[in-house]
Each structure stands twice: as structure tokens, then as C-alpha cells.
Amino acid sequence: MDGFWVGRRVAACALAVAAVALAACSEDPGTTPGTTASTGPGGGLEKCLVAGTSDQKECFAKLDLRRAGTNQQLTGAKGEKTEIQVGGVPPGGELPVEFRIRNTISVATVAPLRIDDIRLEYTAASPNETDEKALECFDSTGQVACADKKGKWSKVVPPGVPLSAGLVTEESFRIRYKQFDTKARTGKVCLRLGGTAEYAKTDLCFELVTTAGKPKIKAQPTLIDIPYVQIGKQTTRDLQITNLGDATLFISKIEVNLDPAFSLTAGPASHKGGTAAVFDPPLVIAAGAAQATELLFKPTDDKKRQGEIRIFSNDSTFVGGLPVLVTANSKVPCISVKPGPTVNFGAVELAKVSAQTLTTTNCGTEKLTITNFAIKAGGSSAYALNWAGNKDLKVDPKTGPTEAAPIVLEPNAAFELQANYSPAALSVEDPATQAKVPDIASVEVASNASPVQLKFTGVCVEKNCPEAKIHVQEGEQVVPQTVLHLKGDGSIAPGGGSITKFEWKVVSQPPGSQQSFVPNNKTPNPTFQTNVAGEYVFSLDVWDDSSPPVKSCKPAEIKIIAVPSQALHVELLWKTPADPDETDKGQGVGADLDLHFAHPLAQGPDQDCDGTPDPWFSTPFDAFWFNATPKWGSAATEDDDARLDLDDTDGAGPENVNLNAPQGVAESPVQYAIGVHYWNDFGFGKSFATLRIYVLGKQVVELANQELKPVDMWYVGRINWPNKEVGFEAPVLQTCYQSGNACAAKKNPGDPKGGAMWQAQGSPCITPCYLSPLANSSSAVCK
């Protein structure tokens, strides 16, 4: 019910309102508003309060009783109760709970709401003194017991009514709980309202119940990231465990699932990585309190570490423990010296000098401190480092940087250093290879990053010919899809001449890659995209400005390795025999196959009839051409989201999907579905698909030359994470095999073509005529 109504009728106090309303009768027009007309067993009747309403038949009061804080409305309905969470109250502590009383009737028809009595009754079978003191009723000040306020409560009127003595717009009372023990307490609060003799006998009551509450664990931070610690040094990080609940939190165990370079101090002892801290008795954290722990990291190398700390408690939300992720050496200082690691000075005539410019860059996010950059003893004496040529560095021109006077580079900063090759004798010829034996020297670069070793090589010849030189701006190891900037304009012509002609060649590239130089192979500095993981070898021949032009003695050659940097890298390539030119990029002509990489939550119609929802074309959980960059995980990072880097629509591929940080962990592994859909053949017919899977840059799966017809859906299988390639037992790929057509078996169990998917062996799982929810230009083949 909405509340109690108190009203007043002119003649005989007719009770016309609901059982929850208390009608108050209006007296004759001459009665002064706001005064008591008569008294009875339950108290006097209340008058209309607004002047000019004496000719009105009824005036009312409407009770609105609510618990402060929760705003719970209490109406006196049968079985109504309010729960008081007391789990966070310490022994001997108190918790006040306030209840507010308002009169919400219209001002035009208002009669005051009178509170005759508020009682707290104990519902225990035999309440003792402790029970009675555990729950007590007081006025709004918390000082006067409700029993002492009987008949003294203010009358309540709605806002807008002029206030006079004894009238308020809100009255309140408090139930005070005191913690004596863990026993649950129950009681009943009853309000007796004045207004008429009849309704003064009707009490509004509700039950009070105390509950112990629940603990709620929180770890701060949830991710501990230690960017970099040098070998032999150490650092610490604080980890705070807080109880946000309203009951005591008990910590029974903390697993330190980390490398032994870590140790966690929790409680009285320290616990090394790979062990568990077991607490018996458990660590106790009161409601609202916290427990501090400390994580120490002392590495013996600069390799990246990652793992977790798992906290077990009586918080039922985390039955398997609350995980705290830990990474270390994620931001190791980085040094790049280019060209390198081999610096080829080429062929040089006697008494001449060949120079190379070494560019040293801080490629990390931390300061780089270089303490040594020198040619090691024992190598050829034909090489020298020209420190005097770079006065900005302010180092000793003889020694270069030292521990006492290092070179410090901020992130992305760089410096150039000239290295010279000035041979004093002709290089000898190796009888076995008939090649010149090069002069070799080693250069050591020491810093707070990983050490760098450079190899200087060059030959001294009687007569020089043009020397082709290749420099790759991006270095000799890149990730797939990198656009290489090949530099040939550093090639050298003998005698100080110039190079007039260039000719680049692709000596080799990974199977499935059919890339070419842009804009062509005759330009000095073309670009080339490493669209497939693997090894690329390029060569360059040059001609000088002699008459006639002289070709380089031998072509320059460089090997570039494209290695995926992501945790998971999936690559799709295909061959279409009927397509005469699969490299006609940008012409829109060629078979179009699509790679699909689906999250475990992906669900769609069961078109392959395996009895479970298909993961394909399910946005946002299927990463494919229509949903190339889905959001799967945390809004703060893209590392846990799959990304389709390339969608090839005109033949051969490749297409690839990358995922930096898969979501599975040892206690909760996940499977990502992999599929290939033959979207449109554009009249070229069947294709043969090859799929490769890389884990942490290493190719671990290749499924080659799978025949697909237009509109086929090849369910390759499910990638497990974590898997054996990262130290766990699960295979990288659970391959899907079928024993016949699952849909044929579903339609007709007796069909000889029928079968089932997800068998231990058999044929690849291919569903023909797999029409997607999106428009499919080749769907006519299925009609």
C-alpha cells in the first residue's frame, strides 16, 4: 500500500478511503485549522490545515515511510522486512539505521500526520538482555529512546504548508544495532498513527533482520608491470589486498606463479616464484581494511617475464583465486646500430678509403646509456672509428664513450659515426672459393641494453669496379606486412664517379608471396612489401658513368626475415589454376577467399550441422573482412583484440590475422576458431588454400593445398591458448575432420554421403554452399 491516509469528513467521519488510509473529519467552518477537535481511544482527530477548506468534505494525510540510504519504502505489507548488513561492524561497534517519515498529500487537502507511538518489539523466542540491547529504537538525535517519545512526536505536513509549533515536514527515528556477537537479531518496528479512534488501533509494522554480509576482495593493482631492471639489480612493487565487503575476509593461500627471479613477501615470510604461501591460520582482513604485500624482482638476464599471483580467500566470487597479472622487462632499453650486424665496406683499392656511416638509435622507451663503442683487439687494423668527426658527442676522440663519460640517448634519439676502411695490403684469394679473403674486425657496443656485436668486412683490390650497396631502412628482421624501403643510392662507383643504372632482383621470397618492387626494379630506392612471413633475398646490380658503363663486379645481396611479433599470427594463401595472372593487383579480378578468426563467444546459425552454433559471420566475435578490428577485451588496450591486417580480394592472398595477447590462462584456457570461406570465384573456379599458424614468431602449423570450391566453408579447427608452444600441454591446433557430410546425415540418416564433424581423423571439415548473412555475389552456384 502507498501509505496511511488521515482525513476528516464533515458529518460522521465516514471511512471511505482504502484500508491503508486514515480519514480525518473536518469540523464546522468556525473551527481553527490545525487544532484537535475531539479525543478518543486512539487520540484526537486532526483538522484541515489550509484556510478556506472548511466547506470541503475531506482532508487527508498520506504516509511515506522510507529507510535512509537505501530509500526502501515500507508500507506495512504482510511479511515486509528490511535487512541490516552488520558483517562490517567490529565487536562492540554500533551501526545506526535511520528511517524517515513524510506526509505526501496535496497541500490543498492536507491534514497533519500524527505519530502517536513507535515501538521496537523483539521477535526472539525468549529475548534476553543482550538481544534487547543489540537492537534499540531512538529519535532522530539518537539520544532519546522511542519509548520516551510516545505522544511527543512532531506532526508531519508536506512542504508548502506554513509551519507552526509542533509541525515539521519530516520526522525520523533510528534503530541502533550494537555488535555483541555473531548471532542474527530480529525485531519488529510498529508505528501507531493518530487521526481517528478507529485507525489509531491499526499499526503499521515491518520486520528487522540482521545479516552477516559478505567479504569482497580487491587487489590493487591488478596488473604489475615492471618495465626494466638491469641484471644484478632489483626493484620492488607494492600489492595491496583490500576487503571492500561487509564481512571479514580470510586469505588462505597466495600462489606465486612466476619466474624464480620474483619473490613475494606476504605475512611474516617471503615466497619465491614457483611456490605458494599457505596461511594456517589464514590472514584476516576486516571489512574496509587492507593487507600490504611486496613483490621483489631481481633478474639474472633481461628476458621478458610474465605470469600471475593468485590470491585464494573466502570471497565466493573468486573460487579459483583472484589473479594479479605480472610482467617484467617489458620495456627493456633498446639499441639499434645500422647497418648491422654486418657492415660491408666492399672492394677498395690500395691507398683509398671506404667509409660507412653507422647510425645508432635508441629504439626503446627508456634512456640508453652507451659506455663502450670500440673495435676489439685481434681483428684487422685496417678499420677505424672517426670519433673526432662528430664533435656534438663530446667524447674522447681516441676512446669514444666510457663508463666515466658515456653517451646518453633519450628515446628515439640517434647519432652518426663514420667508420673507415683503409687497407694497407691487397686481400689474398682463397684457393678453394677463388674469392678474396676479407679483412675482418669486430666492434663491441656496450650499454644498459643488450650488447651489440658488429662485424666489419671489406676487401682490398687492385682495380675497382662499381660496388652495389643495399641498405634497408627497416633493418634485416621485420614483421609481415612491413613495407621495406630499399636503398641502393649508397652504391659506390670507382674513382669518385657516379652510378647511372640500377637493377634490382628478387632472388627468393617465401612460398605464396608474389610481390614486386614499387614503382619498378630500375629505381635506386624502391619499396617492397613483406606480405608473408619468411625469408626474402634481394640483389642489386649497378653500372657506373664510365664509357662504356661498367657493371658492378658482383651484385649486392641482402636477406630480410619477416617474423611475426604477435603471440598468434594466422596466414592464408591460395592458388587458383584457372587465373592466368594472380598478381594483377588493384584490377578487381581474381578468386576471393576470406580468413575467419573467431572468439569463443561467436555464435551463428548451425549451417555445418555439427550440432553447435557456427562461429562464422558473428559480429563482433568473428574477425574477418567485414569486422576487421573487433573489440573483444579491455577498452584500455587493443592487445587482446584480433586484427585482420590484410584483406585480399583479387587473388592469391595473403590474408593474415594477428592477436597480441590471447585471453586464455592455464586455469581457464580458450579456443579460437579458424576458418576459410570461398567468398567469390569471379568465374575462375576452384582454388587451393594454404594456411599457416605462427606462435610467438615461430611457424608451427601448415595445412597446404586444400581444394575449395566457390562458397565452400572450410572449418580448419580451433587454436588452443595456452598451448604446448608456450609451455602447456594442449596442441596448438585441434584440427576438424569429418566422416562424410554432416548436413546430409541430419536430413537423412540413411544417406550414404552422411557423416559427422569433429572426428579423430577423416576428411577436412568443408561445408559446401555456405551462404553468409551478407550479400554473396557467387551464391548463384548454390541455387
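Fair warning: this is a prediction, and the values are worked out from it, not measured in the lab.

Before going further, it helps to spend a moment on the packing of aromatic side chains. If you walk through the whole model with that rule in mind, you get 27 aromatic pairs. When the ring of F624 is compared with that of F626, the centres are 6.4 Å apart and the planes differ by 35°; the resulting orientation is tilted. Ring pairs connect the aromatic residues W504, F517, F528, Y536 and F538, which therefore count as one cluster. The side chain of K501 reaches across the aromatic face of W543, ending 4.4 Å from its centre.

All told, the structure shown has 28 salt bridges when counted by the stated rule. With a shortest N-O distance of 3.7 Å, D259 and R305 are connected by a salt bridge. Pair noted here: D259 is in the loop between β17 (249-257) and β18 (262-266) and R305 is in strand β22 (residues 305-313), with a separation of 46 residues, a long-range link. Judged by relative accessible area, which is 9%, R305 ranks as buried. Put simply, R692 and E702 hold a salt bridge, and the shortest N to O gap is 3.0 Å. Taken together, the positions of R692 in strand β46 (residues 687-695) and E702 in strand β47 (residues 698-708) put the pair 10 residues apart, joining distant regions of the chain. When its relative accessible area of 41% is taken as the criterion, E702 is described as partly exposed. Here the residues in one salt-bridge network are R119, E121, K188, R192 and D203, joined through shared partners.

Within the protein chain, residue pLDDT values average 85, and 89% of them lie at 70 or more. Here residues 1-44 is modelled with pLDDT under 50, and outside its nearest four sequence neighbours on either side it reaches 128 contacts, counting other chains as well.

This part covers the side chain of D594. For D594, the position within the fold is in strand β41 (residues 592-598). Judged by its relative accessible area of 2%, D594 falls in the buried class. When residues no more than four places from it in sequence are discounted, the contact partners of D594 are L572, W625, D647, E655, G675, V676, H677 and W679.

Scanning the entire structure with this criterion turns up 6 disulfides. C334 shares a disulfide with C363; S-S distance 1.7 Å. Its S-S torsion of approximately -75° makes the covalent link between C334 and C363 left-handed. Of this pair, C334 sits in the loop between β23 (322-328) and β24 (335-338) while C363 sits in the loop between β26 (354-362) and β27 (368-375), and the two are 29 residues apart along the sequence. Assessed through its relative accessible area of 25%, C334 is described here as partly exposed. At a sulfur-sulfur separation of 2.0 Å, the disulfide partner of C736 is C765. One disulfide, between C736 and C765, carries an S-S torsion of -80° and so falls in the left-handed class. Taken together, the positions of C736 in the loop between β49 (733-735) and β50 (737-738) and C765 in strand β51 (residues 763-767) put the pair 29 residues apart, joining distant regions of the chain. For the pair C736 and C765, a shared accessibility class is recorded, and that class is buried.

Once that is clear, we can look at the environment of R67. Along the chain, R67 falls in strand β3 (residues 63-67). Remark: the alpha-carbon pair of R67 and S172, spanning 105 residues in sequence, is separated by 9.6 Å. Ignoring any residue separated from it by four or fewer positions in sequence, one finds R67 in contact with Q72, T82, E83, I84, V97, E98 and F99. In terms of polar contacts, R67 uses its side chain to reach the side chain of T82, at 2.7 Å. Reaching out from R67, the side chain makes a polar contact with the backbone oxygen of E83 at a distance of 2.5 Å.

The residue after G340, namely P341, is reached through a cis peptide bond having omega 0°. For the peptide bond that leads from T619 to P620, omega is 10°, which places it in the cis range. Residue position: P620 is located in the loop between β41 and β42 (622-623). The backbone of N71 shows a phi angle near 60°, a positive value even though the residue is not glycine. For N71, a relative accessible area of 49% corresponds to the partly exposed category. Even without a glycine there, the phi angle at L696 is positive, about 55°.

Rules and cut-offs
- Residues numbered from 1 in each chain as written.
- Predicted model: local features only at pLDDT ≥ 70, side-chain atom pairs only at ≥ 80, totals over all residues.
- Heavy atoms only, no water.
- Phe/Tyr/Trp six-rings, centres within 6.5 Å; stacked < 30°, edge-to-face > 60°.
- Lys NZ or Arg CZ within 6 Å of the ring centre and 35° of its normal.
- Salt bridge = Lys/Arg side-chain N within 4 Å of Asp/Glu carboxyl O.
- Helix = DSSP H or I, 4+ residues; strand = E, 2+ residues; numbered from the N terminus.
- Buried < 20%, exposed > 50% of the residue type's maximum accessible area, 1.4 Å probe, protein only.
- pLDDT = per-residue confidence, 0-100.
- Contact = heavy atoms within 4.5 Å.
- Disulfide = S-S within 2.5 Å.
- Polar contact = N/O pair within 3.5 Å; in protein donor to acceptor, adjacent residues only side chain to side chain.

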